[in-house]
Structures are given as structure tokens and as C-alpha cells.
Amino acid sequence: MGKNKKKRKKNNTSSSSLSSSSNNNNDNINKINQLKTQMEDVFYNTTWDKDNMMYKCIKKDLMENNGIFEIKQMITKEEAFKVIELAESTGFQETFQRETRECAFRKNGRLQIHSEKLAQILFDRIQMHLPTFNDKIKPIGLSDNFRLYKYTPGQAFGPHIDESVRTNAGYATLYTLLMYLNDDGLTGGETTFYTSDSYPGRNMNIALKYKPKLGNGLVHMHGDQCLLHEGNEVKGGIKYLLRTDIAYSGV
């Protein structure tokens, strides 16, 4: 992972630090493969009519200069609830990262799948809203690396930055895409962004605080353009979200 200025905390999600016991490895692989197939079916079987305003994705700029925007209604309520049900049936892996000079505090449940099919389905829904910078630098697809997160009361993800990575096809990711799967009964758990001069533990000036909204996607630039941000502590209820990244050609 690359670094941003002044030792800002990184999003530490390396597979080595989150790996499960080797004794259960085969069983876990089977469960993840089943979850992948089931999630693909959930989204593939949705009747998605782009001309029907009931399901049409709607973009709303939140911080245009910093490349943060919301895509409303990109996931249906039925899809979101089914994904939660499937994830709970599979079983979240509890992750914990102590705060260090390099890594942010993190405590939450986590699942990970790789699905090119799901990436294409969701990319088709939102492609019209994704920024194109010039003839060469333009959105090419979503990463097939999907992570499901579950935060219960007391859990959070401390101030950090998201770094750009290369997809298997060699494209660079420029944006994080967070898709919120629930909001009913949830208190806390906002995604808070800080101004560009902010650093963990000092000069923490809030630029934007986004409250989870069922079915909506939150998109923000990452890598060198990423603002310091955090997933605030959940105070009540449970927070579920699905995360991937948006890849670009020409970078």
C-alpha cells in the first residue's frame, strides 16, 4: 500500500492479517463460493428498468471539488435485505486492528468475495454517473473485490485513507464505492470526511458527515486525492455495507 502525507493512517485490509484458521480453510472457501453465487443471483434476477424512475439511480454531488458524491437507489431494498440474510447465514469473520502509526483502529465483521459478474451488473447501473477526466482516463469497471462489513454497537473504523490498487486486469482504482444495506434503527455509524489539512488526532476539521441510507452508494476519490475519513462508532442497531472500488483506464 502507498502512503499519503504526514503518516496518515492506512486502510489496513491485508489478507494476511485477516486470514482464518487453516483447519477451517476448505469449509470457509466453500461457504464463500456459495455466497458469491447467491449474491450474483440476487442482483442478476432483479428487474432493472433504467427508464423506470422508481429504480433509476440519481446522482447528488456532496463535495464536487473533492470528488465525493452520492448515487441514490443503486440497490433495491429487496437486494439489500437478501444480501444481509445471505451474509449472516455465511457468518462474518470478526476483525480487529489496533491503532498504530501506520494503521487505523478497526473492529468489525467482514466477508470478502470476488465476482466479475456482480462487478459488471453494478457498473452498468452507475456508469452514467461516473466522472470521465479525458479521452484516456475514464471509468472502465468495478473491481471484482467485494467486501461485506458489519458493525455492531461499539465498533468503528478509525481515521484513515483508502489507497489506489491495481485490478487483475491492470487498471488503477480511483474511487471507493460504499453501498449501504440498511439504515432502520441505526444510530451512529456515519462516514465522516475531514478537510485536507487534517491529520489523525489533531486538526480534525469535519468537511462532511454522511449518514447511511439504505440502497444508496457513496463514492469518494482515494489514493493521493483521498480525504482522511472514518466510519464513526455505531451507537445503536447494526450497520451493514458492501464496498468495492471503481477502476479507470489511462492511469
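Residues numbered from 1 in each chain as written. Predicted model: local features only at pLDDT ≥ 70, side-chain atom pairs only at ≥ 80, totals over all residues. Heavy atoms only, no water.

Engineer: Can you help me understand the overall build of the protein chain in this one?
Structural biologist: Regarding its fold elements, the protein chain presents three helices and 15 strands. Out of the 251 residues belonging to the protein chain, those deemed buried represent 51%. Total accessible area computed for the protein chain in this model is approximately 12300 Å², and 46% of it derives from carbon and sulfur atoms. (Helix = DSSP H or I, 4+ residues; strand = E, 2+ residues; numbered from the N terminus. Buried < 20%, exposed > 50% of the residue type's maximum accessible area, 1.4 Å probe, protein only. Areas by Shrake-Rupley, 256 points an atom, 1.4 Å probe, with all protein chains shown as cover.)

Engineer: What should I look at first to understand the packing of helix 1 (residues 25-44) against helix 3 (residues 116-126) in this one?
Structural biologist: Pairs of packed helices are described in terms of their axes, by the angle between the two and the distance that separates them. The N-to-C vectors of helix 1 and helix 3 enclose an angle of 25°; their axes lie 9 Å apart at closest approach. Of the possible angle classes, the one that applies to helix 1 and helix 3 is roughly parallel. Here the hand of the crossing between helix 1 and helix 3 comes out left-handed. Where helix 1 abuts helix 3, its residues Met39, Glu40, Phe43 and Tyr44 lie against Lys117, Leu118, Ile121, Leu122 and Arg125. Considering only residue class, the contact of helix 1 with helix 3 consists of six nonpolar, no polar and three charged. (Axes fitted to C-alpha atoms, helices over the stretch in contact; angles between N-to-C directions. Parallel < 35°, antiparallel > 145°, perpendicular 65-115°, else oblique. Left-handed = near helix turned anticlockwise from the far one by under 90°. Contact = heavy atoms within 4.5 Å. Nonpolar A, V, L, I, M, F, W, Y, C, P; charged D, E, K, R; others polar.)

Engineer: Explain the nonpolar core here, please?
Structural biologist: Nonpolar side chains in soluble globular proteins tend to be buried together. If you look at the biggest cluster of nonpolar residues, it comprises 39 residues, and the most contacted ones within it are Met39, Met74 and Leu148. Apart from the residues within four sequence positions on either side, Met74 is in contact with Trp48, Cys57, Leu122, Arg125, Ile126, Leu177, Met179, Gly215, Asn216 and Gly217. (Core = buried A, V, L, I, M, F, W, Y, C linked by side-chain atoms within 4.5 Å.)

Engineer: Just checking my understanding: could you explain the pairing of strand 6 (residues 145-151) for this structure?
Structural biologist: The two faces of the sheet receive side chains in turn, since in a regular strand these alternate between them. For strand 6, a buried count of seven out of seven residues is recorded, marking the element as mostly surrounded by other parts of the structure. With five bridges connecting them, strand 6 and strand 15 (residues 239-249) associate as antiparallel partners. Within strand 15, the residue paired with Arg147 across the bridge is Arg243. (Pairing = 2+ DSSP bridges.)

Engineer: Explain the side chain of Arg243 to me, please; I cannot follow it from the model alone.
Structural biologist: In this structure, Arg243 sits in strand 15. A distance of 3.4 Å separates polar atoms of two side chains, one belonging to Arg243 and the other to Thr176. (Polar contact = N/O pair within 3.5 Å; in protein donor to acceptor, adjacent residues only side chain to side chain.)

Engineer: Is there a simple way to think about the packing of aromatic side chains in this case?
Structural biologist: Aromatic ring pairs are reported here in terms of the distance separating the ring centres and the angle at which the planes meet. As enumerated under the stated definition, the model contains seven aromatic pairs in all. Summarising the aromatic geometry, the rings of Phe96 and Phe105 are spaced 5.9 Å apart at their centres and angled 80° between planes, so their arrangement reads as edge-to-face. Considering the side-chain rings of Tyr175 and Tyr248, the 5.9 Å spacing of their centres and the 35° angle between planes classify their relative orientation as tilted. Taken together, the positions of Tyr175 in strand 8 (residues 172-180) and Tyr248 in strand 15 put the pair 73 residues apart, joining distant regions of the chain. Aromatic rings pair up to connect Phe69, Phe133, Tyr175 and Tyr248 into one cluster. (Phe/Tyr/Trp six-rings, centres within 6.5 Å; stacked < 30°, edge-to-face > 60°.)

Engineer: Got a minute to help me understand the pairing of strand 1 (residues 58-63) in this structure?
Structural biologist: Looking at chain direction, strand 1 and strand 2 (residues 68-72) are connected through five bridges and run antiparallel. The residue of strand 2 that forms the bridge with Lys59 is Ile71. Connecting the antiparallel pair strand 1 and strand 2 is a turn made up of four residues, with Gly67 showing a positive phi of about 65°.

Engineer: For this particular structure, what's the right way to read the pattern of salt bridges?
Structural biologist: Note that side chains of opposite charge can pair when their charged atoms are close. One pass over the structure, following the stated rule, counts 11 salt bridges. As a salt-bridge pair, Asp27 and Lys31 come within 3.7 Å of each other at their nearest N and O atoms. With Asp27 and Lys31 both in helix 1, this residue pair falls four residues apart, about one helical turn. With relative accessibility at 34%, the residue Lys31 sits in the partly exposed group. When the shortest N-O distance is used, the salt bridge between Glu88 and Lys150 registers 2.8 Å. With Glu88 in helix 2 (residues 77-90) and Lys150 in strand 6, this residue pair connects regions lying 62 residues apart in the sequence. Lys150 gets classed as buried once you look at its relative accessible area, which sits at 16%. Through salt bridges with shared partners, one network takes in Arg147, Asp162, Arg243 and Asp245. (Salt bridge = Lys/Arg side-chain N within 4 Å of Asp/Glu carboxyl O.)

Engineer: What is the right way to look at helix 2 in this model?
Structural biologist: Helical geometry: 3.6 residues make up each α-helical turn, so side chains three or four residues apart lie on a common side. Taking 1.5 Å per residue as the helical rise, helix 2 with its 14 residues ought to reach 20 Å, and the 20 Å between its terminal C-alpha atoms agrees with that figure. Buried residues of helix 2: Glu79, Ala80, Val83, Ile84, Leu86, Ala87 and Thr90, and no others. Relative to the axis of helix 2, the buried residues are bounded by an arc of 165° and lie together on one face. Away from the buried face of helix 2 by more than 90 degrees, exposed residues Glu78 and Ser89 are located. (Expected span 1.5 Å × (residues − 1). Arc of directions from axis to C-beta.)

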